[in-house]
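One-letter residues, chain by chain:
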Amino acid sequence: MNKLFTLIFLLSFLLSSAQVDMSYYLPEGSYDSGIPTPEEVLGYHPGEWHVSHDQLLYYMREVAEAADRMLLTEIARSYEGRPLIQLTVSTPENLARIDDIREEHVKLTDPSISSDLDTENMPIVMWLGYSIHGNEASGSNAALLTAYYLAAAQGEAIENVLGNAVIILDPCYNPDGLHRFSTWVNMHRSHVINPDPNDREYNEAWPGGRTNHYWFDLNRDWMPLAHPESRGRIARFHEWKPNILTDHHEMGTNSTFFFQPGIPSGKFPLTPDKNVELTHKMAKFHARYLDEIGSLYYSEESFDDFYIGKGSTYPDVNGCVGILFEQASARGHAQENDFGILTFPKAVRNHFTTSLSTIAAGIAHRKEFLDYQRAFYNSASDKASNDPVKAYVFGSEKSRVKNFELLKLLNQHQIDVYELKGSLNKTGHRFSAGSSYVVPMDQAQYRLAKGMFEKRTSFNDSLFYDVSTWTLPLAYNLKYAELGSRDFNAGLLGSKVERPVQPVGKLIGPKGAYAYAIEPYGYYAFRAIDRLLSRKVVVQVLNETHSDNGRTYPKGTMIIPVGVQEEKRSLIESMIDKIVKEDAVSVYSLATGLAISGVDLGSRSNSTMEEPKAAVLVEGGVSGYEAGEVWHLFDRRLKKKITLLPPDRLTGNLSGYNRIIIPDMKGTLSDAQKDNLKGWISRGGVIIAWKNGGKWLSDNEITSVSYLKSEEANEGKYFAYRDLDEVRGAQVTGGAIFEARADLSHPIAYGLESDRIPLFRNHNLVMKKSKNPYANPLVYTSSPLLSGYVSEENLEKFRDSPAVTISSVGRGKVITMTDNPNFRAFWWGTNKLFMNALFFGESINQSAGEK
């Protein structure tokens, strides 16, 4: 009998899930028949299939064409060329003067004029954004319904909304990820829907649809802006300065529905309490609307609001109220869960319903949101006045590209920055005019600027949903210092940096040289050198200094001797023209190989460079994020090809590569894979690995690098059951910044401006000191914490531990790093360590490696 009941229930579910129509979603009321429904355009009702990005775009264009309430704007293109579009929604009368409305609204964020504005009749600006994670697709599918409702609904209620609001409908934050995921689930959808979690539909192939083209999590990129999707979105954000921004996500299948506020102790400290008050007021609307459709929900659990680089928190430090929604995910069309069967239409309905509740809350508290935004910016000056830090100064004379990239980022976030006027000595650093910049705290963007530059080591909570710190000058490895009231005055401010200028290099000296030199400081120095290496030009690296005609060239300087390859002079000098223009690298013309001091250019201590021919492991247990970071670095910055190599190919012919990169990963090697890989290294190959990728090599006996055993920090203690998550979570190092000490005479550290470098760590692996005293060129300092949260137990383990270990395997090397040097594409500083390993790795003396 029970089996029969289950069969009947399942069949009825299957039939009903295929018969959902618009009445399942929409509020009762009248709708304009002239506005096409999704089914009329796409051939199916929302939730019946997963909408692909091209279909989503098609419908948005059709509904915008049919409705006089909508304007469609393209704001960016993804890496795969997909348009990111938005619908601006309001009354036809408002749209006719939309530029005037926008300009008036943005004045609320200017303290010099905002007090004269009347918010009594000013429209509120609400931004509804969906599916920044491509495989959390119920958001973008709900956007079909939101667009239809806003275009077609009739009556007094919608007229009140449109007359008092400008709604920015952003149907898909991540076009490439959404398209990848929709292809997967639609290609595996059966006519008779199968909710079995083991079905292939619900188990995506690596890397899945969450990420963008290069496998980055775009919901961590609102601040770093490493990707075109984010840059277009943030430009549009500051063009409009919305009052509310929603971020619609999915979570585990056995969950319900989450809306903010999140964990009370997880609020970013610079977010005003009024923001939380408004979030609570909105929550009452979400609860009421979800109650009406019988959905379960929760708030003030699970999710914090700390990292300002994600979609629900970035708005909070910009005078807006960011709202995170998390819906239990079907990860396909229907899936069994703890409550029965979760259908995709139900997930879509919850997101559509909370889109409507957001609009209702915004209208109900319209003036309060507008007044809050004005007060947020008006209070910035008082906040700055009470802050003991009056400004931050940063800059590098030798890394102009990193200066430029940080300036560009600050400019994109509308943070005021000025050239340093004169020179300044602070915290052991000298800052000079022409290469240093000042960010004063007394500015409208005080909270965001402070959040980007501060170092923070004390927290209200020890649990973090994401990273606990992101101090940008440390990430860029730029000299920087806090300036207090005794250090800072307006006389330090030179010209305001309105639009940063892309740096260029120059040829210093004439062409027709005996040799040319490129110093190792510039970020794109290796891109420059690779132009030559890829064309079979001989390049040597100085392992000792060389002084000539009043200039000393440091270790790591790359020498292009022309006399021994005279037939390539024309090629070399044409490449130099391109290098100085495109790579922001200065090239020095050398008239002789004879040194005034140091080694001559033909010294036996020099090493001949080889062109890196690289592969990065992908798939299996490899971190898609970290493999993607390597791919992005090669493809977009080095402009160099790299092979994406699945581990099962390690049994094949590896002779086409001389570098293999192993990011964080877990797994085992077969004997054949192990023997082939070890043989490849022994013949001169170089592996660069980090985190569990390095431990994976050790566990598989490729290297003899040793790691501390993971010990339970609370062994032998007793705790209350209620404290389980908190006690365990306190031992998680989710993202903090530490200081390491570098041996500047070692190739791994060539081109560093200081023997101290910040490292980003988000794990607890600890390497043991090598028995070879030369094998650890980078070591954590004895007081390593610079910023972020770490438990005392873990901090003690990290002190004086190796950050890099060199292993010699036959004629090859394995360079094992503790930490990921390419984190989220905004750790420009430690990119240098990775590129040194990539280009100089083969030149490291075999005797300096652990055997």
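Reading the values: rules and limits
Residues numbered from 1 in each chain as written. Predicted model: local features only at pLDDT ≥ 70, side-chain atom pairs only at ≥ 80, totals over all residues. Heavy atoms only, no water. Helix = DSSP H or I, 4+ residues; strand = E, 2+ residues; numbered from the N terminus. Buried < 20%, exposed > 50% of the residue type's maximum accessible area, 1.4 Å probe, protein only. Polar contact = N/O pair within 3.5 Å; in protein donor to acceptor, adjacent residues only side chain to side chain. Pairing = 2+ DSSP bridges. Salt bridge = Lys/Arg side-chain N within 4 Å of Asp/Glu carboxyl O. Lys, Arg positive; Asp, Glu negative; His and termini not counted. Contact = heavy atoms within 4.5 Å. Core = buried A, V, L, I, M, F, W, Y, C linked by side-chain atoms within 4.5 Å. pLDDT = per-residue confidence, 0-100.

Turning to the environment of Asp 21, a few remarks are in order. Looking at where Asp 21 falls in the secondary structure, it is placed in the loop between helix H1 (2–17) and helix H2 (38–42). Look at Asp 21 and you get partly exposed, because its relative accessible area is 31%. Along the primary structure Asp 21 and Tyr 44 are separated by 23 residues, whereas in three dimensions their C-alpha atoms are 8.9 Å apart. There is a polar contact of 2.4 Å between the side chain of Asp 21 and the side chain of Ser 23.

Attention shifts here to the sheet that holds strand E21 (residues 551–553). Here we have three strands laid out as an open sheet, ordered E21-E20-E24, and antiparallel in their pairing. Across the chains shown, the open sheet's two edge strands, defined by having one partner strand only, are E21 and strand E24 (597–598). Taken together, the two bridges between strand E20 (residues 546–548) and E24 define a ladder with antiparallel strand orientation. In the strand pairing of E24, His 546 is matched with Gly 598.

Okay, the pattern of salt bridges next. Summed over all chains, the structure comprises 44 salt bridges. Of the charged contacts, one joins Arg 236 and Glu 239 as a salt bridge, the two residues approaching to 3.4 Å between their closest N and O atoms. With Arg 236 and Glu 239 both in helix H9 (residues 228–240), this residue pair falls three residues apart, about one helical turn. Among the residues examined, Arg 236 registers a relative accessible area of 7% and is labelled buried.

Moving on, we get to the side chain of Lys 813. You can see Lys 813 is positioned in strand E34 (residues 812–817). Buried within the structure, Lys 813 lacks any salt-bridge partner; Glu 842 is the closest side chain of opposite charge, at an N-O distance of 7.6 Å. There is a polar contact of 2.9 Å between the side chain of Lys 813 and the backbone oxygen of Ile 844. Those residues in contact with Lys 813 that lie beyond four places of it in its chain are Ile 681, Gly 685, Val 686, Ile 687, Ser 807, Ser 808, Gly 841, Glu 842, Ile 844, Asn 845 and Gln 846.

The next thing to look at is the nonpolar core. One finds Phe 394, Ile 518, Ile 661, Leu 677 and Ile 687 to be the most contacted residues of the largest nonpolar core, which totals 158 residues. Sort the elements by how many residues they give to this core and helix H24 (residues 828–840) lands first, with eight residues. Those residues in contact with Ile 661 that sit more than four places away from it in its chain are Ala 614, Ala 615, Val 616, Leu 617, Val 630, Phe 634, Ile 642, Ile 688, Trp 690, Phe 834 and Leu 838. In this structure, Tyr 44, Leu 57, Ala 147 and Trp 184 belong to the second largest nonpolar core, which totals 71 residues.

As a further point, take the environment of Ile 113. Examined against the element boundaries, Ile 113 turns out to sit in the loop between helix H5 (98–106) and strand E3 (124–130). The spacing of Ile 113 and Thr 643 is 530 residues in sequence and 55 Å in space, taken between C-alpha atoms.

Here we come to the confidence of the model for the protein. Residue-level pLDDT values for the protein average 95, and 97% of them are 70 or greater. Note that residues 3–9 has pLDDT below 50 and, in this model, one contact with residues that lie over four places away or in other chains. Within the model, the stretch residues 11–18 combines pLDDT values under 50 with eight contacts to residues more than four positions away or in other chains.

Quick look at the environment of Leu 87 now. Following the sequence through the fold, Leu 87 ends up in strand E2 (residues 83–89). C-alpha separation for the pair Leu 87 and Arg 69, spaced 18 residues apart in sequence, amounts to 9.4 Å. Every residue in contact with Leu 87, bar those within four places of it in the chain, is listed here: Met 60, Val 63, Ala 64, Met 70, Leu 71, Leu 72, Ala 147, Ile 167, Ile 168 and Leu 169.

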